[in-house]
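Listed below are the residues making up each chain.
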Amino acid sequence: MSNCRIWSILSCCLLLFLCYPCIDAYKNYTVGDELGWYDQLEVSDVDYQKWADGKNFSLGDFLIFHTDKNHSVVQTYNATTFKICDADQDMNTTEWSASDPEYSKDAVTVYVPLLKEGSTYFFSNFYDGEQCLNGQKFAINVTHGEGLPDSLKDPAPDAPAPASPDDIPATDMPNFDHPIDDNSTSTDPVKPVAGSGNMNLAGFSFGIFAVVFGALGFFG
């Protein structure tokens, strides 16, 4: 077997090995990318459903909303609530931002972890749903992926927990092992939680070397 053929095989295996973390990692998604999280009356170019379509959202990923105090971030699993743009009729919604609008351009960043598989809906509930009706909404499907990291799983029954997202200090919101920072692009891979995927990595590595030595033995 020629040296050129050997190096070709080794190079391909090395490339697969280096790409493995990208496959296994959790991700941050910056909603709307550089346009941020606003209604169409303020930013006419936004189309959040178009932004979301085609992306692969999984448990443990984070959505990052760059907005201001005059727009809210509401999450629901109820399609009807989403359709009518009214969170007041559904006690199972989560308001990740302030509960009342404040006409201010002060920048606000809201971090939302994806904690449940299936259809998930986001919209702004301010001004009786007017912002939602003007395009500030989108729906996604969350798959299992690697599953929730330990840092996002429910705490033990006797462990204290905040009563609502409003009780979590702003500085603590992103501190779930990821996102690492809020400057990531819409699909930046985030380093997995320590120990996550180690067994898969070992098996993956063994498979690579098995292919290499098998190829060398076959062609040698």
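Look a little higher up for the structure.
Parameters at a glance
Residues numbered from 1 in each chain as written. Predicted model: local features only at pLDDT ≥ 70, side-chain atom pairs only at ≥ 80, totals over all residues. Heavy atoms only, no water. Helix = DSSP H or I, 4+ residues; strand = E, 2+ residues; numbered from the N terminus. Buried < 20%, exposed > 50% of the residue type's maximum accessible area, 1.4 Å probe, protein only. Contact = heavy atoms within 4.5 Å. Areas by Shrake-Rupley, 256 points an atom, 1.4 Å probe, with all protein chains shown as cover. Disulfide = S-S within 2.5 Å. Phe/Tyr/Trp six-rings, centres within 6.5 Å; stacked < 30°, edge-to-face > 60°. Lys NZ or Arg CZ within 6 Å of the ring centre and 35° of its normal. Core = buried A, V, L, I, M, F, W, Y, C linked by side-chain atoms within 4.5 Å. Salt bridge = Lys/Arg side-chain N within 4 Å of Asp/Glu carboxyl O. Pairing = 2+ DSSP bridges.

Draft legend 1. Expanded view of the overall build of the protein. Of the regular secondary structure elements, the protein holds five helices and nine strands. Taken from the N to the C terminus, the helices and strands of the protein come in the order α-β-α-β-β-β-α-β-β-β-α-β-β-α. The buried share of the protein, reckoned over its 220 residues, is 38%. The long-range share in the protein, meaning contacts at least 24 apart out of those at least 6 apart in sequence, stands at 80%. Of the roughly 12,600 Å² of accessible surface on the protein, 56% is carried by carbon and sulfur atoms.

Draft legend 2. Quick look at the state of the cysteines. As enumerated under the stated definition, the model contains one disulfide in all. Bridging C85 to C132, the disulfide has an S-S length of 2.1 Å. Where C85 bonds to C132 through sulfur, the torsion about that S-S bond is close to -60°, and the disulfide is left-handed. Here C85 is found in the loop between α3 (79-84) and β5 (94-95), whereas its partner C132 is found in helix α4 (residues 130-133), with 47 residues between them in sequence. Exposure remark for C132: the relative accessible area of 0% places this residue in the buried category.

Draft legend 3. Spotlight on the packing of aromatic side chains. Scanning the model with the defined rule gives 13 aromatic pairs in all. Seen in terms of ring centroids, Y29 and F57 are 4.6 Å apart; in terms of plane orientation they differ by 55°. Their pairing is tilted. One end of the pair, Y29, is in strand β1 (residues 26-30); the other, F57, is in strand β2 (residues 57-58), with 28 residues separating them in the sequence. Clustering of aromatic rings is evident, with ring pairs tying together Y29, W37, Y48, W51, F57, F65, F122 and F138. Directly above the ring of Y77 sits K116, whose terminal nitrogen or CZ lies 4.5 Å from the centroid. Note that K137 overlies the ring of F82, its terminal NZ or CZ placed 5.6 Å from the centroid.

Draft legend 4. Spotlight on the nonpolar core. Core analysis: the largest hydrophobic core is formed by 22 residues, its most contacted members being L63, F65, F122, F138 and I140. Elements that contribute at least two residues to this core include exactly α2 (48-52), β3 (62-68), β6 (107-113) and β8 (137-143). Counting seven residues, the second-largest nonpolar core is a separate cluster that includes V74, F82, C85 and A87.

Draft legend 5. Representation of the environment of D128 in the model. Its location among the elements puts D128 in the loop between β7 (118-123) and α4. Judged by its relative accessible area of 77%, D128 falls in the exposed class. In this structure the C-alpha to C-alpha distance between D128 and C85, which are 43 residues apart in sequence, comes to 7.9 Å.

Draft legend 6. Here's a closer look at the environment of F138. Structurally, F138 is set in strand β8. Judged by relative accessible area, which is 0%, F138 ranks as buried. Setting aside its immediate chain neighbours within four residues, F138 contacts V31, W37, Y48, Q49, W51, A52, L63, F65, F82, T120, Y121 and F122.

Draft legend 7. Up close: the pattern of salt bridges. Taken as a whole and judged by the stated rule, the model has three salt bridges. The shortest N-O distance in the salt bridge between K69 and D106 comes to 3.7 Å. A residue pair is termed long-range when its members are at least 10 positions apart, and K69 in the loop between β3 and β4 (74-76) and D106 in the loop between β5 and β6 qualify at 37 residues. Judged by relative accessible area, which is 33%, K69 ranks as partly exposed. The exposure class assigned to D106 is partly exposed, which follows from its relative accessible area of 43%. The closest approach of N and O atoms between K153 and D150, which form a salt bridge, is 3.3 Å.

Draft legend 8. Focus on the sheet that holds β2. Spatial strand order, β2-β8-β7-β4-β5: five strands in an open sheet with mixed pairing. The outermost strands of the open sheet, each flanked by one partner alone, are β2 and β5. Two strands pair when backbone bridges link them, and β4 and β7 are joined in this way by three bridges, in the antiparallel orientation. Its bridge partner lying in β7, V74 is registered against F123.

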